[in-house]
Number of protein chains: 2
Amino acid sequence: MKAERSLADQHRQAVLDVLHDGGRLTRNQISQRVGVTRSTVSEVLSGLRDEGAVVIADSVRMPGRGRPAEVLSLDPSAARYMGIDFAHNRVLVLVTNASGHVIATDCRAYLPDQGWGARCAIAITLAEDFARSDLLHYRFLQGIAIGLPGPNSALWDSSVVAAPLEPYQQVGARVCELFGKRFGVGVWVDHHIRFAALGEATHPNASAEGNLLYLRLSLGVGGAIVTGGLPVRGEHQLGGEAGHVIVDRSDRARDCRCGRRGCLETLASVGGVLQSCRELGLGVYTIDAAAEAVRDNHTAALEVVNDVARVVGQVLGTAAVILDPAEIVLTGEVARLSVDFTARVAKALAGEVLPSVTIPVRLAHLGDEAGALGAVASLTTAFHPAQRTKEFAMSSLSPELHGR
Amino acid sequence: MKAERSLADQHRQAVLDVLHDGGRLTRNQISQRVGVTRSTVSEVLSGLRDEGAVVIADSVRMPGRGRPAEVLSLDPSAARYMGIDFAHNRVLVLVTNASGHVIATDCRAYLPDQGWGARCAIAITLAEDFARSDLLHYRFLQGIAIGLPGPNSALWDSSVVAAPLEPYQQVGARVCELFGKRFGVGVWVDHHIRFAALGEATHPNASAEGNLLYLRLSLGVGGAIVTGGLPVRGEHQLGGEAGHVIVDRSDRARDCRCGRRGCLETLASVGGVLQSCRELGLGVYTIDAAAEAVRDNHTAALEVVNDVARVVGQVLGTAAVILDPAEIVLTGEVARLSVDFTARVAKALAGEVLPSVTIPVRLAHLGDEAGALGAVASLTTAFHPAQRTKEFAMSSLSPELHGR
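Because the structure is a prediction, the values reported are computed rather than measured.

**Some details on the relation of the copies chain A and chain B**
Screw-axis analysis of chain A against chain B gives a translation of 0.1 Å along the axis, an RMSD of 0.1 Å, and a rotation angle of 179°. Here the symmetry operator amounts to a two-fold rotation axis. Closest approach to the rotation axis among the C-alpha atoms of chain A is made by Ala319 of chain A, whose C-alpha sits 3.3 Å away.

Here's what the structure looks like:
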């Protein structure tokens, strides 16, 4: 049973793929391109039309034949993949069709202390509103990928006073279950920085083909690694946590929120930069003020930029020797502290990697949508199905919940 | 055409898989387990029997039926995968059947200055001798994976005086072509340390499920990373080159053969250890003599072990923060310099990684066969076909060369 179903799925995928590549095709053309019989194609198309994935776009009269042949194409309003990016203060929902085009996107803010239940309800409302507009439908949805910030920083139900925080994995599982039940498809949850890195790696302008180091220098310092097109998740879901590489072993090393001292984050985060400025007598309290001091060529501000770029370059250099990425992508407020920040990091990096190797450093191409776009990418090309773990399979629900 | 062939291949693979899992089965049993019709199963089995992959092991009489049903099984002497590990001074060839069991292995030494042409000829002779013994045949060979040391250290033809060394990639391509033509199957070439790491990651006693850091402390210091079951190759085939992480930024940093100063290799290789011993007044010229001095509790020798373990632990700690492996595996003479070397490295490592995480450090389970076993693993479970790069596809030759 299982193997037969898998073959039918293969035919279905092959038909979808030629429609995706070929645009508008007759049954005969599809049959020729897929290399299966006309009757198999008709059977597959019948199923896809019932699901609303494929529509009759036109009809053409063939020479020497009586009846015009129907021309089929993908339904451009059939939502195929949903990517959701939960940040600490907002959620962004994005939907693509089978051609990979974004057909809907929306963003809504929430308070950082709002619970996960309420955050999910907001995201579901956004997604449902798309369908209400008649511009798209979910009858052919294939999967949802959701990026979560980690470690967990919110309760599930914020109205419960003094409840303990749920473990991150448990929040992920509940989010999976909630969206899986609501939309009747498999749900894939991962760290939102990992998805943002994947968004960069699959961006059309990326120079890397799936090998990059991604570092976000913001309120915290977080990172992600994509290698061979796949994000590195790690044994404890901590892959890419470069913010906690120890860079200062001196007596002046600063305490880190991880419980140790001298981590990269204590120097290269927004807070670290402001503390360094103030230690050098520059009284700035926002990263914008620090950036302004850099633009004004304030000596202390320049010294801080210099130090931060050097230490970031060293950590990325060590990581680059070990991982051999095609490029390094920086994002976050600190990466934009000076116009030459990436150039400074690249210079420090060059001293660390093998002399024969040059690894470009650039700012991220994508803005707010990086995480949601990467989430969708995780459902299509970048994550091979074999890489999908048990959580994904577990969250694939039975057909009766699918509402088809 | 292409898609149809791919479906036939799928059926074939499914039948092989149930025979692999199920041992001895009738056609009806295979049909039920694969979930395809009895006639499809018969067709697939007919092809597999022609290739010598499947044999009739027995026949059983079913209640109420006239003719006894044939029981089929995989031919245990059909070689399915070949793994070859070229080191600087010897080659090891290993062959497994479809059940994953090693059915032949042999090793032969050569001189380090012997050219690649001669080395390959030795390996081919070993492999052909297996088939001459009548214990196995190559009619069902699926692929060959070959580990090469890098960077290239030998000529192709050592009789050519003063010829320039061929680039590593070119040697790899020629090796691919030679074995591909001889055996008529796809050939996959990679760095032999990467294969050795994969051998450890797929070892039955491995605690990691495909997430490990592997470091070899020998004449050089080389390493490899396996993440999510896949080796990290990197953009320039340099993934895992931890030996060239800079660890000494002081004025006393030693020159490294990479052209820079203070790399891990200058301290943690055999030569680095011996140099450190001699700098502390301990006149040792072999790693065995250094190990003996450690056993004798010689102060200088203990100090060197201590320093090397600390610096190795720091580099692995940084790598572990970024990669989050399940375990760290050490190999090479320096890793065996003292009985407590891994414990010392683990202690240094603990100061680098997040307090909530413990990453075990152990010596390699596998000895000389690690590279060849990992090479075979790369052909089966660990490398997903999607991960196979162009080189692999290019080396898959046309059927007429296959000799079937």
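What follows picks up the thread again.
**Considering the interface of chain A and chain B**
Opposite the 50 residues of chain A that make contact, chain B presents 50 residues. Interface of chain A and chain B: buried area, both sides summed, is about 4200 Å²; carbon and sulfur atoms make up 58% of it. Broken down residue by residue, the surface that chain A buries against chain B is led by Glu235, Ile322 and Asp324 of chain A, which jointly contribute 15%. Our enumeration of links across chain A and chain B arrives at two salt bridges. Measuring nitrogen to oxygen at the nearest pair gives 2.8 Å for the salt bridge that ties Glu352 of chain A to Arg249 of chain B.

**Notes on the sheet that holds strand 7 (residues 143-148) of chain A**
Neighbouring strands of a sheet are bound in pairs by backbone hydrogen bonds; such pairs are parallel or else antiparallel. Residues and elements named next belong to chain A. One open sheet holds the five strands; their spatial order is 6-5-4-7-8, and the pairing between them is mixed. A single partner strand is all that each edge strand has here, and the edge strands are strand 6 (102-109) and strand 8 (186-191). Along the sheet, successive strands turn relative to each other by an average axial angle of 15°, direction set aside. Note: strand 4 (residues 79-86) against strand 5 (residues 90-97), seven bridges, orientation antiparallel. Along strand 5, the bridge assignment pairs Asp85 with Leu92. Packed on one face of the sheet, helix 5 (residues 168-183) meets strand 4, strand 7 and strand 8 and runs near 150° to strand 8. Against the sheet, helix 6 (residues 192-201) engages strand 4, strand 7 and strand 8, with an angle of about 95° to strand 8.

**Section: helix 3 (residues 38-50) of chain B**
An ideal rise of 1.5 Å per residue puts 18 Å on 13 residues; helix 3 of chain B measures up with 18 Å between its terminal C-alpha atoms. Where helix 3 of chain B terminates, the next one or two residues include Gly52 of chain B, which has phi positive at roughly 80°.

**Concerning the pattern of salt bridges**
All names here are of chain A. Applying the stated criterion across every chain, the model contains 32 salt bridges over all chains. One salt bridge in this structure joins Arg27 and Glu70, with 2.9 Å as the shortest N-O distance. Of this pair, Arg27 sits in helix 2 (residues 27-34) while Glu70 sits in strand 3 (residues 69-74), and the two are 43 residues apart along the sequence. Overall, the relative accessible area of 32% leaves Glu70 in the partly exposed class.

**Remarks on unusual backbone geometry**
Where the residue is not glycine, phi is negative for most of them; where a peptide bond is considered, it is trans in most cases. Residue and element names in this part refer to chain A. Its identity as a non-glycine residue notwithstanding, Asn297 has a phi of 60°, on the positive side. Along the chain, the position of Asn297 falls in the loop between helix 9 (287-295) and helix 10 (299-323). Residues other than glycine seldom take positive phi values, yet Asp324 does so here, at roughly 50°. In this structure, Asp324 sits in the loop between helix 10 and strand 12 (327-331).

**Considering the pairing of strand 9 (residues 212-217) of chain A**
With five of six residues buried, strand 9 of chain A lies mostly within the body of the structure. Between strand 9 of chain A and strand 10 (residues 221-227) of chain A, which pair antiparallel in sequence order, lie three residues.

**Focus: the sheet that holds strand 13 (residues 361-363) of chain B**
Residues and elements named next belong to chain B. Ordered in space as 11-10-9-12-13, the five strands form an open sheet in which the pairing is mixed. A strand with exactly one partner marks an edge of an open sheet, and here the two such strands are strand 11 (230-231) and strand 13. In the packing of helix 10 (residues 299-323) onto the sheet, the strands contacted are strand 9 (212-217), strand 10 (221-227) and strand 12 (327-331), and the crossing angle to strand 9 comes to about 155°.

**Here we look at the confidence of the model for chain A**
All names here are of chain A. For chain A, per-residue confidence averages 85 on the pLDDT scale, and residues scoring 70 or more make up 88% of the total. Segment residues 1-5 is flagged for pLDDT under 50; beyond a separation of four residues in sequence, or across chains, it makes five contacts in the model. Here residues 382-404 is a poorly scored stretch, pLDDT under 50, and it has 51 contacts once near neighbours within four places are set aside; other chains count.

**What to know about the nonpolar core**
Formed by 105 residues in total, the largest nonpolar core has its most connected members in Phe341 of chain A together with Phe341 of chain B. With near-sequence residues (within four places) excluded, Phe341 of chain A lies in contact with Leu217, Val305, Val308, Ala309, Leu330, Val334 and Ala335 of chain A. If you look at the next biggest cluster of nonpolar residues, it comprises 40 residues, including Val18 and Val41 of chain A together with Leu19 and Leu25 of chain B.

**As for the pairing of strand 12 of chain B**
Residue and element names in this part refer to chain B. Within strand 12, five of the five residues are buried, which leaves the element mostly enclosed by the surrounding structure. Of the two faces of strand 12, the one carrying Glu327, Val329 and Thr331 and the one carrying Ile328 and Leu330 are both buried. Taken together, the five bridges between strand 9 and strand 12 define a ladder with parallel strand orientation. Residue pairing for strand 12: Arg216 is matched across the bridge by Thr331. Alignment of strand 12 against strand 13, held across three bridges, turns out to be parallel. Residue pairing in the sheet places Val329 in a bridge with Arg362 of strand 13.

**Here we look at the packing of helix 6 (residues 192-201) of chain B against helix 12 (residues 370-379) of chain B**
All names here are of chain B. Between helix 6 and helix 12, the shortest axis-to-axis distance is 6 Å and the interhelical angle comes to 80°. In terms of their interaxial angle, helix 6 and helix 12 are classed as roughly perpendicular. Of helix 12, the residues touching helix 6 (which contributes His192, Phe195, Ala196, Leu198 and Gly199) are Ala370, Gly371, Gly374, Ala375, Ala377 and Ser378. Among the residues forming the contact of helix 6 with helix 12, the class breakdown is six nonpolar, five polar and no charged.

**What about helix 12 (residues 370-379) of chain A?**
Within helix 12 of chain A, nine of the ten residues are buried, leaving the element largely enclosed by the surrounding structure. Residues of helix 12 of chain A that are buried: Ala370, Gly371, Ala372, Gly374, Ala375, Val376, Ala377, Ser378 and Leu379 of chain A.

**Observations regarding the environment of Ser218 of chain B**
All names here are of chain B. Looking at the element boundaries, Ser218 is found in the loop between strand 9 and strand 10. Since its relative accessible area comes to 14%, Ser218 is described here as buried. Here Ser218 is in contact with Ser269, Val270, Gly332 and Glu333, once residues within four sequence places are set aside.

**Considering the packing of aromatic side chains**
Following the criterion strictly, the structure yields six aromatic pairs over all chains and no others. Centre to centre, the rings of Tyr138 of chain A and Phe183 of chain A are 5.4 Å apart; their planes meet at 80°, and the pair counts as edge-to-face. Of this pair, Tyr138 of chain A sits in the loop between helix 4 (116-132) and strand 7 while Phe183 of chain A is found in helix 5, placing the two residues 45 residues apart along the sequence. Given the relative accessible area of 7%, Phe183 of chain A is considered buried. Site record: aromatic cluster; members linked through ring pairs are Tyr138, Phe179 and Phe183 of chain A. Sitting above the plane of the Trp156 of chain A ring, Arg174 of chain A keeps its charged end 4.2 Å from the centroid. Arg119 of chain B extends its terminal NZ or CZ atom over the ring of Trp116 of chain B, reaching a point 4.5 Å from the ring centre.

Definitions and cut-offs
Residues numbered from 1 in each chain as written. Chains lettered and ligands numbered in written order. Predicted model: local features only at pLDDT ≥ 70, side-chain atom pairs only at ≥ 80, totals over all residues. Heavy atoms only, no water. Least-squares fit on C-alpha atoms with pLDDT ≥ 70 in both. Contact = heavy atoms within 4.5 Å. Buried area = accessible area lost by both parts, 1.4 Å probe. Salt bridge = Lys/Arg side-chain N within 4 Å of Asp/Glu carboxyl O. Pairing = 2+ DSSP bridges. Helix = DSSP H or I, 4+ residues; strand = E, 2+ residues; numbered from the N terminus. Axes fitted to C-alpha atoms, helices over the stretch in contact; angles between N-to-C directions. Expected span 1.5 Å × (residues − 1). Buried < 20%, exposed > 50% of the residue type's maximum accessible area, 1.4 Å probe, protein only. pLDDT = per-residue confidence, 0-100. Core = buried A, V, L, I, M, F, W, Y, C linked by side-chain atoms within 4.5 Å. Parallel < 35°, antiparallel > 145°, perpendicular 65-115°, else oblique. Nonpolar A, V, L, I, M, F, W, Y, C, P; charged D, E, K, R; others polar. Phe/Tyr/Trp six-rings, centres within 6.5 Å; stacked < 30°, edge-to-face > 60°. Lys NZ or Arg CZ within 6 Å of the ring centre and 35° of its normal.

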